[in-house]
Amino acid sequence: MVAQHAAEFIRDRLSAAEPVNDGQQTPLRGHPVFIAQHATATCCRGCLSKWHRIPQHQAMTAEQQAWVTAVIVHWLRQEMQRPLPPERPRRKKPINDRQLPLI
Ligand SMILES: [Zn+2]
């Protein structure tokens, strides 16, 4: 399901030789895939070129799109398996039963 979304986002927003609004096509929030894209440098063609060696200014091949999808899915799986951070120790409530002298 998420892999399907990732594949669609890549096809629709990234795969063209000159994607619309390249560099700003991936929102910072709103869908787990968007978060994963920023985390894995698969958010725009600039990042794909710099970090994944996928050249800019040419349409992405099916193979490149499959690679990017796999990276995103892999990252999301890792995130889901990450243990929750330990619960913060609750701060002890101040003791209120001792009335402070007013004067
Ligand atoms: Zn980017």
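S.K.: Sorry, what's going on with the nonpolar core here?
M.R.: Looking at soluble globular proteins, one finds that nonpolar side chains tend to be buried together. Counting residues in hydrophobic clusters, the biggest one holds 15 residues, and the most contacted among them are Ala 6, Phe 9, Ile 10, Val 33, Leu 48, Val 68 and Ile 72. Elements with a contribution of two residues or more to this core: α1 (2-14), α2 (32-39) and α4 (62-81). Excluding residues within four positions of it along the chain, Ala 6 makes contact with Val 33, Thr 69, Ile 72 and Val 73.

S.K.: It is not clear to me how the environment of His 52 should be interpreted in this structure. Could you clarify?
M.R.: Along the chain, His 52 falls in helix α3 (residues 45-52). Considering only alpha carbons, one finds His 52 and Thr 40, twelve residues apart in sequence, at a separation of 9.4 Å. Not counting residues within four places of it along the chain, the set of residues in contact with His 52 comprises Ala 41 and Thr 42.

S.K.: Mind showing me how you'd approach unusual backbone geometry here?
M.R.: Leaving glycine out, the prevailing phi sign among residues is negative, and the prevailing peptide bond configuration is trans. The backbone phi angle of Ala 41 is positive, close to 60°, even though this residue is not glycine. Positionally, Ala 41 belongs in the loop between α2 and α3. For Arg 53, which is not a glycine, the phi torsion comes out positive at approximately 55°. Mapping Arg 53 onto the fold places it in the loop between α3 and α4.

S.K.: Looking at this structure, I do not really get α1. What am I missing?
M.R.: Given 3.6 residues per helical turn, the α-helix brings residues three or four places apart onto the same face. In this model, α1 (13 residues) spans 17 Å end to end at C-alpha, consistent with the 18 Å of a helix rising 1.5 Å per residue. Here α1 has its buried residues at Ala 6, Phe 9, Ile 10 and Leu 14. Buried residues of α1, seen end-on, are gathered within an arc of 100° and therefore sit on one face of the element. For α1, the exposed residues set more than 90 degrees away from the buried face come down to Gln 4, Glu 8 and Asp 12.

Definitions and limits used
Residues numbered from 1 in each chain as written. Predicted model: local features only at pLDDT ≥ 70, side-chain atom pairs only at ≥ 80, totals over all residues. Core = buried A, V, L, I, M, F, W, Y, C linked by C-beta atoms within 7 Å. Buried ≥ 20, exposed ≤ 12 C-beta atoms within 10 Å, placed from the backbone. Helix = DSSP H or I, 4+ residues; strand = E, 2+ residues; numbered from the N terminus. Contact = placed C-beta atoms within 7 Å. Expected span 1.5 Å × (residues − 1). Arc of directions from axis to C-beta.

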